[in-house]
Amino acid sequence: MYHLLKGKRGIIFGALDENSIAWKTAERVHEEGGTFVLTNAPASIRLGNITELAQKTNSQIIPADATLVTDLENLVEQATAILGGKIDFVLHSIGMSVNVRKGNHYTNQDYDYTEKGWNVSALSFHKVLQVLYKKQAMNEWGSIIALSYMAAQRVFPDYNDMADNKAYLESVARSFGYFFGRDYNVRVNTISQSPTATRAGQGVKGFEEFIAFSEKMAPLGNATALDCANYTVAMFSDLTRKVTLQNLYHDGGFSNMGVSQQVMEMFE
Ligand SMILES: NC(=O)c1ccc[n+]([C@@H]2O[C@H](COP(=O)([O-])OP(=O)(O)OC[C@H]3O[C@@H](n4cnc5c(N)ncnc54)[C@H](O)[C@@H]3O)[C@@H](O)[C@H]2O)c1
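Quick caveat, the model's predicted, so the values are computed rather than measured. (Residues numbered from 1 in each chain as written. Predicted model: local features only at pLDDT ≥ 70, side-chain atom pairs only at ≥ 80, totals over all residues.)

## Structural notes on the overall build of the protein
Just so we agree on the cut-off: Helix numbers and strand numbers start at the N terminus; a helix is a DSSP run of H or I with at least 4 residues, a strand a run of E with at least 2. Computation of the radius of gyration draws on C-alpha atoms, with the globule rule given as 2.2 Å multiplied by the number of residues to the power 0.38. Residues with at least 20 other C-beta atoms within 10 Å of their own are called buried, those with 12 or fewer are called exposed, and the rest are partly exposed. The C-beta atoms themselves are positioned from the backbone. In this description, any two residues whose backbone-derived C-beta atoms lie within 7 Å of each other are considered to be in contact.
A tally of regular secondary structure across the protein gives 11 helices and 7 strands. Compactness check: the protein gives a C-alpha radius of gyration of 18 Å against a globular reference of 18 Å for 268 residues, within 12% of the reference. Looking at the protein as a whole, 46% of its 268 residues qualify as buried. Restricting the contact set of the protein to residue pairs at least 6 apart, pairs at least 24 apart contribute 74%.

Right, dumping it as structure tokens:
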């Protein structure tokens, strides 16, 4: 514990259950002295056990569907009132593909599902940023993070339409990050995380096998949800003030590997 976030206030989206990356992040932010409001879609609040996390971290839950601007406006208003001031950090940890859920192949998408997944997984980040920006709700030197995956740059066939959603999400971080930096000295970045065993991750076909492959490829092994939480804490802290408009790989080195000895041995 380093008290890196002492006195800082934030909003954490996307804690569903104890496996969620946002759950681990909330626990670590709490340990580092930050205070925050937890939020999730109303249906996810009923489905998961976020109230347990709220009790543990002394925080309140404000339900919000991240695709609805009115919900986000209410969330930001309530969060600043509850926390007693402007916001220093925001975690967007939201992803869902209806095509993946329904088992539709990338080459056979139902475009209503595609749009819904894009709205939840990618456009929602623009909506969150726009609401914060218009309300001037961020403190100077604040930090906003969204979670991404390397399928935005490289082909992972079973990641399906989420690959396109992540490419859009990363682009929004850069484009909106410019205005946030210029006007408010606020950082906007994405963290491109290793495959992680969570509810969202497990929806992807062949996910267990892929985690095992990735573990053998990455020189440091896969980054866990707790590792991701620690990195996010660093990105929320004052130690990373000049990092913005970046997609930050947090994957044990996987993204720069061609092949590893361990993987080669499987073919020998
Ligand atoms: N698990 C992985 O392998 C992995 C790897 C890289 C990046 N990510 C990303 O990390 C983020 C968090 O996912 P996770 O792996 O912790 O899984 P998770 O299932 O625990 O979290 C996804 C969250 O999105 C929320 N959500 C869905 N629809 C919403 C809506 N309309 N409004 C508000 N919230 C909504 C869910 O309720 C859930 O809490 C996602 O962006 C995911 O794509 C995950």
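## Some remarks on the sheet that holds strand β3 (residues 60-61)
Put simply, the test is: In this description, strands pair whenever DSSP reports at least two bridges between them. An axis is simply a line fitted to the C-alpha atoms; with a helix, the fit covers only the stretch in contact. Between two such axes, the angle follows the N-to-C directions and lies from 0 to 180 degrees.
What the 7 strands build is an open sheet, ordered β3-β2-β1-β4-β5-β6-β7; its pairing is parallel. With one partner strand each, in any of the chains shown, β3 and β7 (247-250) form the two edges of the open sheet. Strands in contact with helix α4 (residues 69-83) are β1 (9-13), β2 (35-39), β3 and β4 (87-92); relative to β2, the strand with the most contacts, it is inclined by about 150°.

## A few points about the site of the ligand
Note the threshold: We call a residue near a molecule or strand when its C-beta atom, built from the backbone, sits within 6 Å of it. Ten residue types, Ala, Val, Leu, Ile, Met, Phe, Trp, Tyr, Cys and Pro, are classed as nonpolar, four, Asp, Glu, Lys and Arg, as charged, and the remainder, Gly among them, as polar.
Residues in contact with the ligand amount to 27 residues; listed here are only the nearest, S20, S44, G95, A200 and G201. Here the residues of the shell around the ligand are counted per class, giving 13 nonpolar, 12 polar and 2 charged.

## Details of the pairing of β2
Sheet faces and side chains relate simply in a regular strand, where the side chains alternate between the two faces. Burial analysis of β2 places 5 of its 5 residues in the buried class, the great majority of the element. Relative to β2, β1 runs parallel, the two sharing 5 bridges. Along β2, the bridge assignment pairs I11 with V37. Where β2 meets β3, 2 bridges bridge the pair, whose relative direction is parallel. Bridge assignment links L38 to a residue of β3, and that residue is I61.

## With respect to helix α7 (residues 162-184)
Given 3.6 residues to a turn, an α-helix orients residues that are three or four positions apart in the same direction. Filter applied, for reference: Helix span, as expected, comes to 1.5 Å for every residue beyond the first. To get the bend at a residue, fit one axis to the 7 residues ending there and another to the 7 starting there, then take the angle between the axes.
Spanning 23 residues, α7 covers 31 Å between terminal C-alpha atoms, matching the ideal 33 Å at 1.5 Å per step. Of all the bends in α7, the largest measures some 30° and sits at G177. For α7, the set of buried residues is M162, A163, D164, N165, K166, L169, E170, V172, A173, F176, G177 and F180. Turning to α7, the residues buried within the fold contact α5 (98-102), α6 (111-134), β5 (138-148), β6 (187-193) and β7.

## Some details on the UniProt feature "binding site: NAD(+)" (unreviewed entry) in the protein
As a reminder, the rule being used: UniProt positions are given in the numbering used here, feature names are shortened, and annotations may be inferred rather than shown by experiment.
Look at the UniProt record and you will see "binding site: NAD(+)" (unreviewed entry) annotated at G14, S20, I21, I94 and K166. Looking at where S20 falls in the secondary structure, it is placed in the loop between β1 and α1 (21-31). Once residues lying within four places of it in the same chain are set aside, the contact partners of S20 are G14, A15, S93 and T198. Here I21 is to be found in helix α1.

## Overview of the pairing of β6
For the record, the criterion: Crossover handedness is defined here as right-handed if the route from the first strand over the helix to the second strand goes clockwise, with the strands pointing away from the viewer.
Burial analysis of β6 places 7 of its 7 residues in the buried class, the great majority of the element. Burial of β6 is two-sided: the residues R187, N189, I191 and Q193 facing one way and the residues V188, T190 and S192 facing the other way are all buried. Across 6 bridges, β5 lies against β6 in parallel orientation. Bridge pairing in β6 links S148 to S192. Where the polypeptide runs from β5 across α7 and back to β6, its parallel neighbour, the crossover connection is right-handed. The pairing of β6 with β7 spans 4 bridges and is classified as parallel.

## Here's the deal with the nonpolar core
Selection criterion: We define a nonpolar core as a collection of buried residues of the types Ala, Val, Leu, Ile, Met, Phe, Trp, Tyr and Cys that are connected via C-beta atoms lying within 7 Å of each other.
Membership of the largest hydrophobic core comes to 58 residues, with the highest contact counts inside it found for I11, I12, A15, A26 and L132. Excluding its chain neighbours within four sequence positions, the residues that come into contact with I11 are F36, V37, T39, L75, A79, I87 and V90. Counting 9 residues, the second-largest nonpolar core is a separate cluster that includes V100, A152, M162 and V204.

## Thoughts on the UniProt feature "active site" (unreviewed entry) in the protein
The positions UniProt marks with the feature "active site" (unreviewed entry) are Y149 and Y159. When you line up the elements, Y149 lands in the loop between β5 and α7. The contact partners of Y149, leaving out residues within four places of it in the chain, are Y159, K166, S192 and Q193. Position of Y159 among the secondary structure elements: in the loop between β5 and α7. The exposure class of Y159 is buried, given the 24 C-beta atoms found within 10 Å.

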